[in-house]
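# A structural walkthrough
Listed below, chain by chain, are the residues.
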Amino acid sequence: MIRANDIIEKVADYYPEANFDTIRKAYAYSAYAHRNQVRLSGEPYMIHPIEVANMLAEMKMDLASIAAGLLHDTLEDDPLTSIEDLSLRFGDEITSLVEGLTKISKIKFKSSREHQAENYRKMILAMVKDIRVLVIKLVDRIHNMRTLDFQKPERQEAIAQETLDIYAPLANRLGISWIKQELEDKSLRYLQPTIYHELEEKVARKELESREFIDNIIKLVQRNLEHNGIRGQVAGRLKHLYSIYRKMMRRNISFEQIYDIIAFRVLVADKAECYNVLGVIHALWRPVPSRFKDFISIPKVNMYQSLHTSVIGPDGRHVEFQIRTQEMHQIAEMGIAAHWHYKEGYQLDDHDRKQMDWLRQMIEWQQDVNNPGDFLDSVKIDLFSEAVYVFTPTGEVKELPSGSSPIDMAYSIHSNIGDHCSGAKVNGKLVPLRYQLKNGEMVEIVTSKRQHPNKDWLAFVKTSKARNKIRQWVKKEEERRSIELGRELCEKAFARLKLSFNQALKSGKIQAAAAEFSLNNAESLLSVIGRGKLSALQVINRIYPELREQDKAKAKEKKEESKAARKPARDGISIKDIDDVMVRFAKCCNPLPGDDVVGFITRGRGLTIHRRNCRHVNQGESERYMDVEWNLERSTSHSVKIRIMCEDVKGMLASLGTAISSMEANIASASLKTSIDHKAICFFEIEVKDLGHLRKVKQALRAVKGVYQVTRMS
Ligand code: MN
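Overview of the structure.

Now for the coordination of the manganese ion. Surrounding the manganese ion are the protein donor atoms H48 (NE2), H72 (NE2), D73 (OD) and D140 (OD), at 2.2 to 2.6 Å. Mapping the donors of the manganese ion onto the primary sequence yields the spacing H-x23-H-D-x66-D. Separated by 67 residues along the polypeptide, D73 in the loop between helix 4 (63–71) and helix 5 (74–77) and D140 in helix 8 (residues 131–146) bring together distant segments of the chain. Of the residues examined, D73 reaches a relative accessible area of 10% and is grouped as buried. Overall, the relative accessible area of 5% leaves D140 in the buried class.

Structure follows, in structure tokens:
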């Protein structure tokens, strides 16, 4: 078993001034916390955190990371370990690393489909505030993969798939290629054991066969470098198994058909020499033009830098070269970890280390490379806050702009779901539609056939998809209502002149009239009428000019009559963008100016105004409702029914009548019913101007002696 001192020795190599007590303390704490645990291999559990810490020391990570590596499973496995306890003993920096690791270990990856993987990776990045958490997590996964043999086969497969889908690409994003390659190869071994072992054998044989070929090339390149005064190290090796496997799968070819299995690497002192080496190699062999890539001028998003070239080497075999400096090589192997090492090396004192602001360092580093866009793309850490990641009930991950609502989520699943989204549950609890989703929440969308998009939704949706779909729907809906209203108005106007609108429609007369008004079809004409831009009578006059000539006077009279008939009813209500609409007030609820009202498009009778809380509202098709508003300046009287519960005493009806009249309201009818217990119920139908007027009347009635209750009826 690796001892605390073995780890300390490694750290002392690159950071001699470190406070090694931290490592000793973390080692002892972890050993105690895991004292009763055994790994599936039968070994003490402690082996695992020690191996993780040891690898972190080999990667030259900082003390906090190594201590966190030792402690990474204590919070989860030991019931006596708490965040408070850890932070008391080890401070906030180490504790927050352990906390972050515990949080990641709790993410359940239910689905491993390809397109999910990217979202999961992003979610991890979004949730992790400190990139060191990811580095430790990857090392943790390496050790778990190295000891996967002890798991049951189905667990092996699940863990390997998760590793391949999530952690290997994550390692790639962070540029830690040795971790990426080992994770990929180990995953393949458990996911495709037959293929893996076959490939392993073939690669070993190929290596043996190619030994001489490789050595010859190394010698040749080395000699030519020296000849040109360049000091460089040349090495040749076979590519890792998974990259070969992936190439075979992608191009659907056999192992034998892959020509670039061997890669050569030349390491030199500085950047300028890289290009010199390129010249030397191209002078030796003819390059394959499309295969040259300059990742020195344009680094990969994970900061990888190198020159890549393929040449047609000895025996016409393709040979691939990677040319880079020592420092670039460190970054290629260690990615973010290497960078950290360079920036945070042992030259810094302990105080500086404590002041280390990992994020700031990362950002500064990227600014050196003057491509902040790439940085945002590759290491999104906290800067990821512009996105929120939520789960569907089936475990799918959805990426949405931060501040998104359940409506956005619904539309991101399917337009149809968005169009009928009537509610949402977040982690099982109902939330309002304008709720702002948070990272990691499980969101279940509730739909209803009768639900439709609402203009109000536009105030809080964040995604352009939701916005566009809602707008589309609202527009379509307005058009449909206008057509319907236009049809109502026409039917009515035709009927008044004893004409049949339907016949005119069937015979094509309406279509012809539409053309005369430069409109495409009958529907457009109806829509224009519905919007009040054209009157039904204008259309009738166009269709039946003879009627206009013969019956001009009569028509005029009718027109005025119809105007007069409509005017009073129309009074008091304004409908957006529509002027010429017949309006009636519903008898069922007798709306008063000031009531919350809604218009209902009826067949043949224009628009009926209901109170919004009327029991008849929301019973029909909701698309027949439209928003209307009171025009309080134009007030006429409206009738309303009230019920009064009172004592059955002489002269009660008269007292009530006086109270109503004193408030300047007309009484249309009154009746009284008595009951056996000397109680009476009076019914009045009165005329009031608006809701405020009614309120005053009710107040006056309540002031009458013997009155218990005054209720408006509808
Ligand atoms: Mn672990």
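Our focus in this paragraph is the packing of helix 3 (residues 47–58) against helix 4. Their axes nearest at 7 Å, the elements helix 3 and helix 4 cross at an angle of 165 degrees. Taken together, the axes of helix 3 and helix 4 are roughly antiparallel relative to one another. The element helix 3 and its partner helix 4 pack so that their crossing is right-handed. Contacts between helix 3 and helix 4 involve P49, I50, V52, A53, L56 and A57 from the former and S65, I66, G69 and L70 from the latter. Residues of the contact of helix 3 with helix 4, tallied by class, amount to 8 nonpolar, 2 polar and no charged.

Turning to the sheet that holds strand 11 (residues 443–447), a few remarks are in order. Read from one edge to the other, the open sheet built from 3 strands follows the order 10-9-11, with strand pairing classed as antiparallel. Sheet topology places strand 10 (429–431) and strand 11 at the edges, where each strand pairs with a single neighbour. Recorded for the sheet is a direction-independent mean angle of 35 degrees between the axes of neighbouring strands. Of the strands in this sheet, strand 9 (421–426), strand 10 and strand 11 are in contact with helix 19 (residues 406–413), which crosses strand 11 at around 80 degrees.

Note on placement: N54 falls in helix 3. When near neighbours in sequence (up to four residues on either side) are disregarded, N54 contacts I2, I7 and K10.

What follows is about the sheet that holds strand 13 (residues 583–585). Reading across from one edge, 13-15-14-16 is the order of the 4 strands in this open sheet, with mixed pairing throughout. In the strand order of this sheet, the two ends are held by strand 13 and strand 16 (625–626), each with one partner. Here strand 14 (residues 597–601) pairs with strand 15 (residues 607–611) via 5 bridges, running antiparallel. Residue pairing for strand 15: V597 is matched across the bridge by R611. Contacts from helix 21 (residues 464–496) reach strand 14 and strand 16 within the one sheet, and its direction differs from that of strand 14 by about 65 degrees.

Here the focus is the nonpolar core. With 104 residues, the main nonpolar core has I7, V11, M59, I179 and F321 as its most contacted residues. Every residue in contact with V11, bar those within four places of it in the chain, is listed here: P16, A18, F20, I23, A57, L63 and I66. Core analysis: the second largest hydrophobic core is formed by 23 residues, I644, L656, A680 and V710 among them.

Throughout the structure, instances matching the rule amount to 7 aromatic pairs. Their ring planes at 20 degrees and their centres at 6.0 Å tell us that W285 and F321 sit as a pair that is stacked. Here W285, found in the loop between helix 13 (271–284) and strand 3 (286–287), pairs with F321, found in strand 6 (residues 318–325); they are 36 residues apart in sequence, far enough to count as distant. Pair check on accessibility: W285 and F321 agree, each one buried. Judged by centre distance (5.9 Å) and plane angle (70 degrees), the ring pair of F295 and Y304 falls under edge-to-face. Like F295, the residue Y304 is buried in the burial classification.

Within the secondary structure, I296 is located in the loop between strand 4 (293–294) and strand 5 (307–312). For I296, a relative accessible area of 5% puts it in the buried group. Between the alpha carbons of I296 and C274 there is a distance of 9.1 Å; along the sequence they are 22 residues apart. What I296 contacts, discounting residues up to four positions off in sequence, is K271, C274, Y275, Q305, S306, L307, I323 and M328.

Below, the discussion takes up the pairing of strand 20 (residues 679–688). The two faces of strand 20 differ: A680, C682, F684, I686 and V688 on one face are buried, but K679, I681, F683, E685 and E687 on the other face are not. Here strand 18 (residues 638–647) pairs with strand 20 via 10 bridges, running antiparallel. Pairing of C646 across the sheet is with A680, part of strand 20. Both strand 19 (residues 666–674) and strand 20 contribute to a ladder of 8 bridges, which runs antiparallel.

Moving on, we get to the pattern of salt bridges. Counted under the stated rule, the structure contains 25 salt bridges. The salt bridge partner of E58 is K10, with a shortest N-O separation of 3.4 Å. Of this pair, E58 sits in helix 3 while K10 sits in helix 1 (residues 4–14), placing them 48 residues apart in sequence. Of the charged contacts in the structure, one is a salt bridge between E201 and R205, with a shortest N-O distance of 3.8 Å. One end of the pair, E201, and the other, R205, are both in helix 11 (residues 193–227), 4 residues apart, so they sit about a helical turn from each other.

Before going further, it helps to spend a moment on helix 25 (residues 536–543). Of the positions making up helix 25, those classed as buried are A536, V539, I540 and I543. The arc that holds the buried residues of helix 25, viewed along the axis, is 100 degrees, so those residues lie on one side.

Now for the environment of W457. You can see W457 is positioned in the loop between strand 11 and helix 21. Sequence separation between W457 and I470 is 13 residues, and the spatial gap between their C-alpha atoms is 7.7 Å. Apart from residues no more than four positions distant in its own chain, W457 is found in contact with I407, Y411, G418, C421, L433, Q451, H452 and I470.

Where like charges cluster on the molecular surface, the positive patch consists of K492, R584, K587 and K641. Inspection of the secondary structure assignment puts K587 in the loop between strand 13 and strand 14. By relative accessible area, K587 is classed as exposed at 67%.

What follows is about the packing of helix 10 (residues 177–191) against helix 12 (residues 241–251). Interaxial distance between helix 10 and helix 12 falls to 8 Å at its minimum, and their mutual angle equals 65 degrees. Side by side, helix 10 and helix 12 meet where K180, E184, D185 and L188 of the first sit next to L241, Y242, Y245 and R246 of the second. Of the residues that constitute the contact of helix 10 with helix 12, the class distribution is 4 nonpolar, no polar and 4 charged.

In terms of backbone geometry, most residues other than glycine have negative phi values and most peptide bonds are trans. Phi is positive for N252, which is not a glycine, with a value near 55 degrees. Mapped onto the secondary structure, N252 falls in the loop between helix 12 and strand 2 (262–268). Judged by its relative accessible area of 70%, N252 is exposed.

The buried count for helix 19 comes to 6 of 8 residues, which makes it a mostly enclosed element. Three or more residues of helix 19 are buried, namely P406, I407, D408, M409, A410 and Y411.

Inspection of the secondary structure puts T74 in helix 5. Under the relative-accessibility criterion, T74 is labelled buried at 0%. Reaching out from T74, the side chain makes a polar contact with the backbone oxygen of L71 at a distance of 2.8 Å. The residues contacting T74, other than those within four sequence positions of it, are Y29, S30, A33, H34, T81, L86 and V98.

The rules behind each value
Residues numbered from 1 in each chain as written. Predicted model: local features only at pLDDT ≥ 70, side-chain atom pairs only at ≥ 80, totals over all residues. Heavy atoms only, no water. Donors = N, O, S within 2.8 Å, 3.2 Å for Na, K, Ca; no water. Helix = DSSP H or I, 4+ residues; strand = E, 2+ residues; numbered from the N terminus. Buried < 20%, exposed > 50% of the residue type's maximum accessible area, 1.4 Å probe, protein only. Axes fitted to C-alpha atoms, helices over the stretch in contact; angles between N-to-C directions. Parallel < 35°, antiparallel > 145°, perpendicular 65-115°, else oblique. Left-handed = near helix turned anticlockwise from the far one by under 90°. Contact = heavy atoms within 4.5 Å. Nonpolar A, V, L, I, M, F, W, Y, C, P; charged D, E, K, R; others polar. Pairing = 2+ DSSP bridges. Core = buried A, V, L, I, M, F, W, Y, C linked by side-chain atoms within 4.5 Å. Phe/Tyr/Trp six-rings, centres within 6.5 Å; stacked < 30°, edge-to-face > 60°. Salt bridge = Lys/Arg side-chain N within 4 Å of Asp/Glu carboxyl O. Arc of directions from axis to C-beta. Patch = residues over 30% accessible without salt bridge, like charges linked within 9 Å, V, L, I, M, F, W, Y side chains within 5 Å. Areas by Shrake-Rupley, 256 points an atom, 1.4 Å probe, with all protein chains shown as cover. Lys, Arg positive; Asp, Glu negative; His and termini not counted. Charge placed at Lys NZ, Arg CZ, Asp CG, Glu CD. Polar contact = N/O pair within 3.5 Å; in protein donor to acceptor, adjacent residues only side chain to side chain.

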